[in-house]
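Chains, contacts and geometry: an overview
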There are 2 protein chains.
Amino acid sequence: MTTTARKSPGSTRERILDSALRLFNAQGERNVTTNHIAEDLGISPGNLYYHFRNKADIVSELFNHYEALVSGFLQVPEDRVLTWQDKMGYLESILDSMWGARFFHRDLSHLLNQDEDLRLRYNAFVQRTLEQGLRVYEGLRSAGLLEATDEELRALMVNTWVITASWTGFVHGLVPPEKQQESLDHTLLRQGIYQLVCLEAPYLRGDAASHLAEIKQRYSAGDTLSVLFSAATPKSA
Amino acid sequence: MTTTARKSPGSTRERILDSALRLFNAQGERNVTTNHIAEDLGISPGNLYYHFRNKADIVSELFNHYEALVSGFLQVPEDRVLTWQDKMGYLESILDSMWGARFFHRDLSHLLNQDEDLRLRYNAFVQRTLEQGLRVYEGLRSAGLLEATDEELRALMVNTWVITASWTGFVHGLVPPEKQQESLDHTLLRQGIYQLVCLEAPYLRGDAASHLAEIKQRYSAGDTLSVLFSAATPKSA
DNA sequence: ATTATCTATAGATCTATAGATAATGC
DNA sequence: ATTATCTATAGATCTATAGATAATGC
């Protein structure tokens, strides 16, 4: 039974989840079978099935972790006004969470097709995230850090979400798995933040606007993506 | 023997590709086996393997179609200046192509991991598309329809690409497969164009800017996505 | 007594090939 | 002769369970 009651942190159930997450992220959910997970942990397949009904059950539980993480970050503080540092914190935290569960968005469509209940929870999650994100943007607007109509804000929020959720997949499409070392990954993750900052840039005002150049600079450090544009665009004329 | 030489249009080889594309898009590549394709066509599995080495070979050939389609659209006319209608034409054509091969981006990471050669061709494709897209944006800038620095243009181009390539996946995550009728699909595809227009909006000038409201109106007709924001955001105060 | 684990395996697929047969083009 | 197709199947997995055994908590 997939109760939410957790045993001691090093319990077999927890270890299965840890191992599954690691293998899923590294090799893709599709390429990791229940046998692989059991073998990775040095337990029997039977034991794994004692703790989880099936693979979808493991995925479902991993989604719960990820969902709680993201929802937890996207809170607007009630006791003070938002700053542009807050805004950067949101971007970093969420992209980090995405990266930690990148297997999920990579195989999203199959995972949702396979488990109707997960699809419902995922839809609710997207809706909630978009709403919480919109609150954040509205908070930034109230703080004078952003200027946009309600309509513009909603479109911006959807675009922010789509890019955030797709960024790890985009990176995986470009970098072959054997080259996905931790360092490179981190650089590309920062490029994702750069892209999100550029997305917001036209609407930024006040402090957020005056720090724009500095922030862009900070997150484009690696300049890894510029490879994509080959030699066509001279850096400075 | 994956030669590019094609037999008569209704040849078995072509029929296999058609059937595979249709089934892949409808059910996901992962859920469609070579046996399913053969059965769908009423031919034997053996026959299918006579025409294609394996499933990856079929996918590879489908990618060729898709790639040629997209690359063909993204040409800047040399004999005249770009108009904002051209720009909308690009968006429509490319999202249409994406939709036609939506299975591809849905299972992208697995397909690329499975076929090293496909990964290389895909990377070249992305690079070429970003460059051609950049040419288009530069053309719009020369025509006075868009104002942005080179740096802004490159970031815009990457964001445009990520959203374009991810949009169908985003839609699939929200709409359960049994509800994905042709009509709904088309509405959501138009919402994708709306999102792309909003992405470009801050940089538009001249005719492109003055037609902005009209264009937004045209593509948000269904207002399907607004469901995501529940009742939180009043349409007009 | 209950919880955790293992061994062994049935059943379900899927892939891809070998070998036979039919259809077609000279 | 060559091209296209079919039948039948070996081999490779993977899932998920049954049934036995070990460990643990009272």
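Residues numbered from 1 in each chain as written. Chains lettered and ligands numbered in written order. Predicted model: local features only at pLDDT ≥ 70, side-chain atom pairs only at ≥ 80, totals over all residues. Heavy atoms only, no water.

**Some details on the environment of leucine 69 of chain A**
This is how the line gets drawn: For the purposes of this entry, the term helix denotes a DSSP run of H or I that reaches at least four residues, the term strand denotes a run of E that reaches at least two, and both are numbered from the N terminus.
As for its placement among the helices and strands, leucine 69 of chain A is situated in helix α4 (residues 55-73). For the pair leucine 69 of chain A and isoleucine 94 of chain A, spaced 25 residues apart in sequence, the C-alpha separation works out to 8.4 Å.

**Quick word on the packing of aromatic side chains**
All names here are of chain A. Applicable threshold: Only Phe, Tyr and Trp rings take part, Trp by its six-membered ring, and two of them pair if their centres are within 6.5 Å. Stacked means planes under 30 degrees apart, edge-to-face means over 60, and tilted covers everything else. Exposure classes here rest on a 1.4 Å probe applied to the protein chains alone. A residue is buried below 20% of its type maximum, exposed above 50%, and partly exposed in between. Only when the NZ atom of a Lys or the CZ atom of an Arg is both within 6 Å of the ring centre and within 35 degrees of the ring normal do we say a charge sits over the ring.
Inspection of every chain in the model, using the stated rule, returns 24 aromatic pairs over all chains. When the centroid spacing of 5.0 Å and the interplanar angle of 25 degrees are considered together, the rings of phenylalanine 63 and phenylalanine 104 count as stacked. Highlighted residues: phenylalanine 63 in helix α4 and phenylalanine 104 in helix α6 (residues 102-106), separated in sequence by 41 residues. You can call phenylalanine 104 buried: its relative accessible area is 1%. Each member of the aromatic cluster is reached from another via a ring pair, and the members are Phe24, Phe63, Tyr66, Phe103, Phe104, Tyr122, Phe125 and Trp161. Over the ring of tryptophan 99 we find arginine 102; its NZ or CZ atom is 4.0 Å from the centre of that ring.

**So, the interface of chain B and chain A**
Reports often express the size of an interface as the amount of accessible area lost when the parts come together. As a reminder, the rule being used: Any pair of residues with heavy atoms lying within 4.5 Å of one another is described as a contacting pair. Here the quantity called buried area is the accessible surface, traced with a 1.4 Å probe, that two parts lose on coming together, added over both. Just to be clear on terms, a salt bridge is a Lys or Arg side-chain nitrogen sitting within 4 Å of an Asp or Glu carboxyl oxygen.
At the interface, 57 residues of chain B touch 56 residues of chain A. Between chain B and chain A the total buried area reaches about 5000 Å² when both faces are included, carbon and sulfur atoms providing 56% of it. Here chain B and chain A share two salt bridges between them. For glutamate 29 of chain B, the salt bridge is made with arginine 30 of chain A, and the minimal N-O distance between the two is 2.7 Å. Secondary structure elements with two or more residues in the side of chain B that touches chain A: α7 (108-114), α8 (116-142), α9 (150-174) and α10 (182-200) of chain B.

**Focus on the protein's contact with DNA strand D**
Note the threshold: Nearness here has a simple test: a residue counts as near a molecule or strand if at least one of its heavy atoms is within 4 Å of that partner. Pairing of N or O atoms within 3.5 Å defines a polar contact, subject to two protein rules: one partner must be a possible hydrogen donor and the other a possible acceptor, and residues neighboring in sequence count only if both atoms are side-chain atoms.
Inspection of the region around DNA strand D gives 15 residues, with Thr34 of chain A together with Thr12, Ser44, Asn47 and His51 of chain B positioned closest. If you look at DNA strand D and keep only atoms within 4 Å of the protein, 74% of those are sugar or phosphate atoms. Between a phosphate oxygen of DNA strand D and a side-chain N or O atom of threonine 34 of chain A, the distance comes to 2.9 Å. Those elements that provide at least two residues to the surface near DNA strand D are α2 (34-41) and α3 (45-51) of chain A together with α3 (45-51) of chain B. A total of four residues in the surface near DNA strand D trace back to one element, the largest contributor, which is α3 of chain B.

**Quick notes on the pattern of salt bridges**
For the coordinates displayed, the defined rule picks out 22 salt bridges over all chains. For glutamate 67 of chain A, the salt bridge identified is with arginine 128 of chain A, shortest N-O distance 2.8 Å. In this pair, glutamate 67 of chain A sits in helix α4 while arginine 128 of chain A sits in helix α8 (residues 116-142), placing the two residues 61 residues apart along the sequence. On the basis of relative accessible area, arginine 128 of chain A is assigned to the partly exposed category, the value being 31%. Here the residues in one salt-bridge network are Glu29 and Lys55 of chain A together with Arg30 of chain B, joined through shared partners.

**A short note on the relation of the copies chain B and chain A**
What counts here: Superposing copies: least-squares fit, C-alpha atoms only, residues required to have pLDDT of at least 70 in both.
For the pair chain B and chain A, the relating rotation is 180 degrees, the translation along its axis is 0.0 Å, and the fit reaches an RMSD of 0.0 Å. This pairing of chains is accounted for by a two-fold axis. Both copies share a contact surface, since 98% of the interface residues of chain B are interface residues in chain A too.

**So, the domain arrangement of chain A**
All names here are of chain A. Under the convention used in this document: Domain delimitation in this document rests on an assignment produced automatically or drawn from a domain database. Throughout, the ten residues Ala, Val, Leu, Ile, Met, Phe, Trp, Tyr, Cys and Pro are labelled nonpolar, Asp, Glu, Lys and Arg are labelled charged, and all others, Gly among them, are labelled polar.
Split into domains, chain A comes out as domain 1 (9-53) and domain 2 (56-232). A separation of 28 Å is found between the C-alpha centroids of domain 1 and domain 2. Residue-level contacts link 15 residues of domain 1 with 16 residues of domain 2. Carbon and sulfur atoms supply 61% of the area buried between domain 1 and domain 2, which totals about 1300 Å² over both sides. Taken as a group, Leu17, Asn25 and Glu29 account for 44% of the area that domain 1 buries against domain 2, more than any other trio of residues on that side. Viewed at the interface, domain 2 and domain 1 are joined by one salt bridge. Where glutamate 61 meets arginine 13, a salt bridge forms, and the shortest distance between an N and an O atom there is 3.6 Å. Summed over the shared surface of domain 1 and domain 2, the result is five residue pairs in polar contact (both at pLDDT 80 or more). The element contributing the most residues to the side of domain 1 that touches domain 2 is helix α1 (residues 12-27), with eight residues. Tallied by class, the residues present in the side of domain 1 that touches domain 2 amount to nine nonpolar, two polar and four charged.

**Considering the protein's contact with DNA strand C**
The local shell around DNA strand C holds 16 residues, among which Thr12, Ser44, Tyr50 and His51 of chain A together with Thr34 of chain B are the closest. In DNA strand C, atoms within 4 Å of the protein come from the sugar-phosphate backbone in 74% of cases. Between a sugar or linking oxygen of DNA strand C and a side-chain N or O atom of asparagine 47 of chain A, the distance comes to 2.9 Å. One of the side-chain N or O atoms of histidine 51 of chain A is found 2.7 Å from a phosphate oxygen in DNA strand C.

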